Amino acid sequence: MGFFKAEGLISGWVGKINSFRIIGQSKNSKINCFKLFILMKKIVIFGLGRMGLAILEQLNEFKNFEIFVYDINKTKEEEVIKKFENVNSLSKLSEIIYDALNKLKPNIIINATTFYNNLYYTQLAIEVGSNYVDLGQSTWTTLKQRSYDSLAKAKKILIVPETGLAPGIINI
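The structure reproduced in this document is the subject of the present report.

Quick notes on the rules
- Residues numbered from 1 in each chain as written.
- Predicted model: local features only at pLDDT ≥ 70, side-chain atom pairs only at ≥ 80, totals over all residues.
- Heavy atoms only, no water.
- Buried < 20%, exposed > 50% of the residue type's maximum accessible area, 1.4 Å probe, protein only.
- Helix = DSSP H or I, 4+ residues; strand = E, 2+ residues; numbered from the N terminus.
- Pairing = 2+ DSSP bridges.
- Contact = heavy atoms within 4.5 Å.
- Axes fitted to C-alpha atoms, helices over the stretch in contact; angles between N-to-C directions.
- Salt bridge = Lys/Arg side-chain N within 4 Å of Asp/Glu carboxyl O.

What follows covers helix α6 (residues 118-128). The α-helix winds at 3.6 residues per turn, so residues separated by three or four positions along the chain end up facing the same way. Most of α6 is tucked away: eight of the eleven residues are buried. When we look at burial in α6, the residues that qualify are Asn118, Leu119, Tyr121, Thr122, Leu124, Ala125, Ile126 and Val128. Gly129 sits one or two residues past α6 and shows a positive phi near 80°.

Okay, structure coming up:
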């Protein structure tokens with residue numbers, strides 16, 4: 001089990017990051033993805049549907065992360081928090097998402113919600129200075145995210161769009 005588990009989502013992200021130019025990185029820069037994930041201690045996951053839950057389950061195998069979750073279904077969020085160690089509600093820091101993220105200063109924001117939210121969470125990640133990953137699904141949204149390249153570089157963060165099922169992991 002681990003980051004390089006062949007069928008795992010995390011291995012897909014590592015492959016995606018190693019295979020493609022990431023928003024916020026120069027064309028010639030190399031990223032040691034394993035090192036990148038090891039350095040991350042505070043993780044926020046938005047969306048606790050099937051994909052968000054699968055991501056949480058894999059990350060929770062490593063006990064060196066402090067994971068915060070947010071879902072519009074508060075009953076689901078509470079069930080997940082009770083089930084997993086090291087998992088907290090982002091809402092406990094503040095009911096206002098921006099304020100909670102600003103207090104926490106997460107190393108990475110993982111957006112497992114619907115693609116309609118991708119631009120919103122990308123902008124939040126840039127504002128609070130957190131790395132960002134989403135599952136994609138919208139070419140238009142990804143093109144808009146790419147326009148944030150200079151903002152991501154200025155904040156020294158990575159924006160990794162479209163790491164979901166298709167396009168994403170199957171393209172690696």
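Resuming the write-up.
On to the sheet that holds strand β3 (residues 87-89), then. With parallel pairing, the six strands of this open sheet are ordered in space as β3-β2-β1-β4-β5-β6. Each having just a single partner strand, β3 and β6 (159-160) make up the two edges of the open sheet. In the sheet, strand β4 (residues 108-111) pairs with strand β5 (residues 131-134) via four bridges, with the strands oriented parallel. Considered in β5, the bridge of Asn111 is made with Asp134. Strands in contact with helix α5 (residues 97-104) are β1 (42-46), β2 (66-70) and β4; relative to β1, the strand with the most contacts, it is inclined by about 160°.

So, about the pattern of salt bridges. Going through the model one piece at a time under the given rule, you end up with three salt bridges. For Glu77, the salt bridge goes to Lys74, with nearest N and O atoms at 3.1 Å. Note that Glu77 and Lys74 are positioned in helix α4 (residues 74-83) at a spacing of three residues, about one turn of the helix. Judged by its relative accessible area of 31%, Lys74 is partly exposed. Between Asp149 and Lys153 there is a salt bridge, with the nearest N and O atoms lying 3.2 Å from each other. Taken as a pair, Asp149 and Lys153 lie in helix α8 (residues 149-155) at a separation of four residues, close to a single helical turn. Given a relative accessible area of 36%, Lys153 falls into the partly exposed group.

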